[in-house]
Amino acid sequence: MEIKYLDLQANYQSIKSEIDEAIHKVLDSSAYVLGPAVNEFESAFAEYCGTKFAIGVNSGTSALTLALKALGVGPGDEVITAANTFIATAAAIEHAGGRPVLVDVDPETRNMDPVLLKMAITSRTRAIIPVHLYGRPADMDPIMQLATRHDIVVLEDAAQAHGARYKGKKAGAIGRIAAFSFYPGKNLGAYGEAGAVTTDDPELDRRVRMLRDHGSDKKYVHDLLGYNARMEGIQGAVLKIKLAHLDRWNAERNRVARLYNQLLADLPIKLPNFEDDIDQVFHLYVIETEQRDQLQKYLGEHGVPSLIHYPIPIHRQKAFDHLDHRAGDFPITEKLADEILSLPIYPEMSDEQVTFVAEKVKAFFG
Ligand SMILES: *Cc1c(COP(=O)(O)O)cnc(C)c1O
């Protein structure tokens, strides 16, 4: 049996005629950058998230950076985020001119620990970026309460959580503003680079729209120092088609995750847990074991690809040497980096394929 970590080709084949037609429509219109396809996707995505506005940009990293700039984050501002996240979250804070302040994660949710967040807030804290890592919403109630009490804004990093819900509210509709990535492998993936910002705030919407287009809302008039971070027409067309399938695909990811949990239940590994009130979308299916490296090697030798998200935490990266952290500063994140393993998961994965992977994991543990 062939197991892929992720099968983007199977996904394309399942919607090929719709996609090909939508792409050709863009080619025939020559609206390669922004244009009607991007406008239509923005409206559909805002409606899907339950926000007033969605702004299409050219990557999730741009979405984070532009959201921070629109919020007015700059030199001297501290922005708190989770130590266990993809590098882009922290990089965006630096690109906007702020200083990333990392807090460790809760071992159960693997997301920002609200107790540690509280301890990290200072008079210079300007924003908090909770990350809904692996498609599981962060513990937003205590985070929002702290933010309100201290008059700090919350920017959700929803790059891995399209369609996830926290107590009925969609990821991207809980904080003041949110950033999404549509990198091809994400739950909602473009056919190239793309991202979006969502918000209910008309002034933030206006600023992000200007920032993505050289700081302009009138051609050749530039009121802000902006960027070229516009979404391409073809990406808007692809994303609008794929958005209509997203809930079904997320349900399939949940099927895969539940089956894994059932098949792996008796092994000495930690599995993702399910919680009432929290609808996860399983961007990744991440297990934990002290024998991670040996397990990964064994799986690789037996036809099962796997990945680590992420092997080197941000505070151990050379690019963030200047934050002056050392080993042991974020023990949960460091333990996760040593013990986590992401098993194959994607909507088109069959029960037979999931069972095959689970059998190999079981065989490793004897
Ligand atoms: C993918 C991702 C990003 C960055 O998105 P790009 O589209 O790759 O720039 C940011 N944060 C998290 C948590 C991500 O997973």
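Note that the structure is a prediction, hence the values are computed from the model and not measured.

**Remarks on the site of the ligand**
Inference 1: Around the ligand sit 14 residues in total, of which Gly60, Thr61, Gln160, Ser181 and Lys186 are the nearest.
Inference 2: At 2.7 Å from an oxygen atom of the ligand is found a main-chain nitrogen or oxygen belonging to glycine 60.
Inference 3: Summarising the interface, the protein chains cover 92% of the accessible area of the ligand, which totals 380 Å² for the free molecule.
Inference 4: Taking a 2 Å distance to the grid points as the criterion, the majority of the atoms of the ligand fall inside the largest pocket.
Inference 5: Put simply, the parts of the chain that give the shell around the ligand at least two residues each are α4 (60-70) and α5 (87-95).
Inference 6: Residue contributions to the shell around the ligand peak at three residues, all from α4.

**Some words on the domain arrangement of the protein**
Inference 1: Taken domain by domain, the protein holds domain 1 (8-243) and domain 2 (246-365).
Inference 2: Relative to domain 2, the C-alpha centre of domain 1 lies at a distance of 24 Å.
Inference 3: Contacts between domain 1 and domain 2 engage 43 residues on the former and 36 residues on the latter.
Inference 4: For the pair domain 1 and domain 2, the two sides together bury roughly 3500 Å², of which 55% comes from carbon and sulfur.
Inference 5: The largest per-residue losses of area from domain 1 upon contact with domain 2 belong to Arg110, Tyr134 and Asn187, which jointly make up 21% of the total buried on that side.
Inference 6: Seen at the junction of domain 1 and domain 2, the total is three salt bridges.
Inference 7: With its nearest N and O atoms 3.2 Å apart, the salt bridge here joins lysine 270 to glutamate 108.
Inference 8: Across the contact surface, domain 1 and domain 2 share 23 residue pairs in polar contact (both at pLDDT 80 or more).

**Points about the side chain of asparagine 254**
Inference 1: Tracing the backbone through its elements, the reader meets asparagine 254 in helix α10 (residues 246-263).
Inference 2: Given the relative accessible area of 17%, asparagine 254 is considered buried.
Inference 3: Excluding residues that lie within four positions of it along the chain, asparagine 254 makes contacts with Phe274, Gln280, Val281 and Phe282.

**As for helix α9 (residues 233-243)**
Inference 1: Counting buried positions along α9 gives nine out of 11 residues, so the element sits mostly inside the fold.
Inference 2: Gly233, Gln235, Gly236, Ala237, Val238, Leu239, Ile241, Lys242 and Leu243 are the residues of α9 that are buried.
Inference 3: Packed against the buried residues of α9 are α1 (8-14), α2 (16-29), α3 (36-49) and α10.

**A closer look at the pairing of strand β9 (residues 195-199)**
Inference 1: Across the five residues of β9, five count as buried, placing the element largely inside the fold.
Inference 2: Judged by which residues are buried, β9 turns out to be covered on both faces: Gly195, Val197 and Thr199 on one side and Ala196 and Thr198 on the other are all buried.
Inference 3: The pairing of strand β1 (residues 53-57) with β9 spans five bridges and is antiparallel. Within the sheet, the bridge partner assigned to glycine 56 lies in β9 and is alanine 196.

**Looking at the sheet that holds strand β6 (residues 165-166)**
Inference 1: Strand order in this open sheet of three strands is β7-β6-β12, and the pairing throughout is antiparallel. In this open sheet, the two edge strands, each paired with only one partner strand, are β7 (169-170) and β12 (278-279).
Inference 2: Sheet analysis places β6 next to β12, joined by two bridges and oriented antiparallel. Within β12, the position partnered with tyrosine 166 by the bridge is isoleucine 278.

**With respect to the layout of surface pockets**
Inference 1: Within this model, the largest pocket holds a volume of roughly 580 Å³.
Inference 2: Lining the largest pocket we find 32 residues, and of these Phe86, Ser181, Tyr183, Lys186 and His283 sit closest to its centre.
Inference 3: Listed by contribution, the elements that provide at least two residues to the lining of the largest pocket are α4, α5 and β8 (177-181).
Inference 4: Inspection of the lining of the largest pocket shows a minimum of three residues originating in each of domain 1 (8-243) and domain 2 (246-365).

**A short note on empty space enclosed by the protein**
Inference 1: Considering all chains together, one arrives at four cavities of 30 Å³ or more under this definition.
Inference 2: Here the largest cavity is characterised by a volume of approximately 100 Å³.
Inference 3: If you go around the largest cavity, you meet 14 residues; those closest to its centre are Leu8, Asn11, Lys186, Arg253 and Pro347.
Inference 4: Within the residue set of the lining of the largest cavity, elements represented by two or more residues are α1 and α10.

**Regarding the packing of helix α11 (residues 292-301) against helix α13 (residues 351-365)**
Inference 1: The contact between α11 and α13 brings their axes to 10 Å, and the two run at 125°. Between α11 and α13, the crossing angle belongs to the class labelled oblique. In the packing of α11 onto α13, the handedness of the crossing is right-handed. Facing α11, whose interface residues are Gln294, Leu295, Tyr298 and Leu299, α13 presents Lys360, Val361, Ala363, Phe364 and Phe365.

The rules behind these values
Residues numbered from 1 in each chain as written. Predicted model: local features only at pLDDT ≥ 70, side-chain atom pairs only at ≥ 80, totals over all residues. Heavy atoms only, no water. Near = heavy atom within 4 Å. Polar contact = N/O pair within 3.5 Å; in protein donor to acceptor, adjacent residues only side chain to side chain. Areas by Shrake-Rupley, 256 points an atom, 1.4 Å probe, with all protein chains shown as cover. 1 Å grid on protein atoms, 1.4 Å probe; cavity = no way out; pocket = protein on both sides within 12 Å on 5 of 7 lines; lining within 4 Å. Sits in = over half its atoms within 2 Å of the grid points. Helix = DSSP H or I, 4+ residues; strand = E, 2+ residues; numbered from the N terminus. Domains from an automatic or database assignment. Contact = heavy atoms within 4.5 Å. Buried area = accessible area lost by both parts, 1.4 Å probe. Salt bridge = Lys/Arg side-chain N within 4 Å of Asp/Glu carboxyl O. Buried < 20%, exposed > 50% of the residue type's maximum accessible area, 1.4 Å probe, protein only. Pairing = 2+ DSSP bridges. Points joined across faces, edges and corners; volume = space filled by probe spheres on them. Axes fitted to C-alpha atoms, helices over the stretch in contact; angles between N-to-C directions. Parallel < 35°, antiparallel > 145°, perpendicular 65-115°, else oblique. Left-handed = near helix turned anticlockwise from the far one by under 90°.

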